[in-house]
Amino acid sequence: MHQFNRFLPLACAIALALLGPLLSPYVSDFIVKVMILSIFALSLELLVGMTGLVSLGHAAFYGIGAYATVLGSGAEGGSIAWLLPLAMGSAAAYALVVGALSLRTRGVYFIMVTLAFAQMAFFVFHDTKLGGGSDGIYMYVRPALGALDMENRSMQFYFVLAALVFTFGLLALIRRSRFGAALAGIRVNEQRMRAAGYPVYGYKLAAFVIAGALAGLAGFLLAARDGVVNPELLAWHNSGEVLLMIILGGLGHLRGAVIGAVAFTLLKELLSTHAVVGPLADHWQLTLGLSIIAFVALLPKGIIGIAARLSPRAAT
Amino acid sequence: MELGTFLVQCLNAVQYGLLLFLVASGLTLIFGIMGVINLAHGSFYMLGAYMAFALAPLFGDQFIVMLLAGVVLAAVFGYLLEWAFFSYLYQRDHLQQVLMTYGLILMFEEVRSILVGNDVHGVKAPPWLEGSFALGDLMSYPWYRLFASAACIVLAAALYFVVNRTRLGMMIRAGGSNRDMVRGLGIDIRKLYRIVFAAGVALAALAGMIAAPMSSVYPGMGASVLIVCFVVVVIGGIGSITGALVASLLVGFVDTFGKVLFAEVSGMGIYVLMAIVLIWRPEGLMGRRA
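Just so you know, these numbers come straight off a predicted model, no measurement behind them.

### Quick look at the overall build of chain B
Next, step 1: Each helix and strand counted, chain B has 11 helices and two strands in total.
Next, step 2: The helix and strand sequence of chain B, counted from the amino end, reads α-α-α-α-β-β-α-α-α-α-α-α-α.
Next, step 3: Computed over C-alpha atoms, the radius of gyration of chain B comes to 19 Å, within 12% of the 19 Å expected from 2.2 N^0.38 for 290 residues, which places it in the range of a compact globule.
Next, step 4: Within chain B, buried positions represent 55% of all 290 residues.
Next, step 5: Put simply, 76% of the contacts in chain B that link residues at least 6 apart link residues at least 24 apart.
Next, step 6: Seen as two clouds, the 16 positive and the 14 negative side-chain charges of chain B have centres 14 Å apart.

Set out below in structure tokens:
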């Protein structure tokens, strides 16, 4: 069972790669969206699940990555070779500032401070001419690098898939590294880690910056897919939703973040489809709110927790 | 800046700060005492503003009576909400509280949209508070804003008195620092929580009702006030009512003068203030060192 769980993510990635050309444009586009959200959720899992830092402002880094991509691309379109580092770098830079300040606090303070700084970033794009106000800005030509052109749908699909595999693999490596072990130690008992001589603040800041950069990667991919960005990307609803995704999937597992992103996107799609829920679809916020409360109340360990309850041995 | 303009802006800053204090004090009381991080607190402010929109035509110039009726309604709503929902949140960790109260916001927003739609509304000040108070040629200031400030000062004083000088306040402060001790002394902690929660909801709704004639009533107003309140709580220090008052006034001044002096980047002022406080005193101006 353990072996099976270990290879499941790889098997899924290979299946997606093989299925890619067979999918209808609608399904393929939907999968690309879910994969981008999975990267975004994975980046937050590094903070919440692995380090125990509940950030409620993660959408800021996602949005900054997306805005950097569009602002940097210009009228003739830009090269992936420097737009991608630009997106990840600007998200990481803001994460460095926010992390350095907010990590001086803990617990509920940290939640409030991250939310407040994300909202500040939101207003920077919302209120100034830089971000085109509440309408956002368009990208005329999608980023490309030689044959790797994001205008091409199947290129886009494989690029996003590769980014997801990269993010998943990177986080899996981090988990197994000494750095990951230190983060886990901080999550369980910060005092003890400090007493043992670990530079706890530095470790947490490093995790915060990496998570910010990966959220910036998700933002880059989103901008490349949609060709448009608006301030809503940074809005706190987005931070709440991505937090919900990792809880819904199951905190403490990388697979949980991906499962949560899939489940949440499907849930939102279902609740707003007339064919499924009838006239209630117009009030999907109401049903979504109810579902969130019910899920958190009934499934504190997420979807992975159900699997564990059904078959205890599969839980490892 | 001319002296008259300066005085008017000072009055605006104090008035905004005091209003924020009413909302933030409820947030900090509920967190300080029950340990619940309540993202839906901004929705109670929104509830108040929409109550003013709905009730103002019914009460006409009986504005004070309307405020009292609204406060009673909001307190009853808070009491029921605590009984039906929040009482289950105390045992849960912050992450779950964040998500469940986030779910609650979505529901409140949708119910609001079903009941009153998504238009932006204005609320009229009562007839006896129309017009402005003039101080020679120096300045003139709307009566309603003076009334709002006065009402907030009375409420802030009452809150200070209740928390620091009464038996209920003593229990509230004790409940904030040591829950088990309070329970051990034979105080019904469930009832205490329910009263504090209802009071927090009533304060936020009252602030919303008072604010309605000064600013428009619009969807999403709860979220914007909530985030400013978080800034206030972070600056003031969690659980400290005095800290919340000082921080609210600071935020009021920074925001008001930021808009006048640096219109382009005025939105950032309060966050810069928060950053400075975090560098200087991470636990907030009056917070206890964690």
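From this point, the discussion proceeds with the structure in view.
### Observations concerning the confidence of the model for chain A
Next, step 1: Looking at chain A, the pLDDT average stands at 88 and 97% of residues meet or exceed 70.
Next, step 2: Averaged over each element, pLDDT in chain A is lowest for helix α1 (residues 2-19) of chain A (75) and highest for helix α9 (residues 200-226) of chain A (95).

### Thoughts on the side chain of Asn-38 of chain B
Residues and elements named next belong to chain B.
Next, step 1: Summarising the element assignment, Asn-38 is placed in the loop between α1 (3-34) and α2 (41-59).
Next, step 2: For Asn-38, a relative accessible area of 2% corresponds to the buried category.
Next, step 3: Side-chain polar atoms of Asn-38 contact the backbone nitrogen of Ala-40, separated by 2.9 Å.
Next, step 4: Apart from the residues within four sequence positions on either side, Asn-38 is in contact with Leu-27, Phe-44, Phe-86, Thr-101, Phe-197 and Leu-226.

### A closer look at the interface of chain A and chain B
Next, step 1: On the chain B side, the residues contacting the 41 residues of chain A number 41 residues.
Next, step 2: Interface area, chain A with chain B, both sides summed: about 3,800 Å², of which 82% is carbon and sulfur.
Next, step 3: On the chain A side of the interface with chain B, the three residues burying the most area are Tyr-109, Met-112 and Trp-236 of chain A, jointly 19% of the side's total.
Next, step 4: At the surface where chain A touches chain B, the tally comes to zero salt bridges.
Next, step 5: Our count for the chain A to chain B interface comes out at six residue pairs in polar contact (both at pLDDT 80 or more).
Next, step 6: Only α5 (108-127), α10 (236-249) and α13 (284-298) of chain A provide two or more residues apiece to the side of chain A that touches chain B.
Next, step 7: Here the side of chain A that touches chain B gets 12 residues from one element, more than from any other, and that element is α5 of chain A.
Next, step 8: Tallied by class, the residues present in the side of chain A that touches chain B amount to 29 nonpolar, eight polar and four charged.

Reading the values: the criteria
Residues numbered from 1 in each chain as written. Chains lettered and ligands numbered in written order. Predicted model: local features only at pLDDT ≥ 70, side-chain atom pairs only at ≥ 80, totals over all residues. Heavy atoms only, no water. Helix = DSSP H or I, 4+ residues; strand = E, 2+ residues; numbered from the N terminus. Rg over C-alpha atoms; globule rule 2.2 N^0.38 Å. Buried < 20%, exposed > 50% of the residue type's maximum accessible area, 1.4 Å probe, protein only. Contact = heavy atoms within 4.5 Å. Lys, Arg positive; Asp, Glu negative; His and termini not counted. Charge placed at Lys NZ, Arg CZ, Asp CG, Glu CD. pLDDT = per-residue confidence, 0-100. Polar contact = N/O pair within 3.5 Å; in protein donor to acceptor, adjacent residues only side chain to side chain. Buried area = accessible area lost by both parts, 1.4 Å probe. Salt bridge = Lys/Arg side-chain N within 4 Å of Asp/Glu carboxyl O. Nonpolar A, V, L, I, M, F, W, Y, C, P; charged D, E, K, R; others polar.

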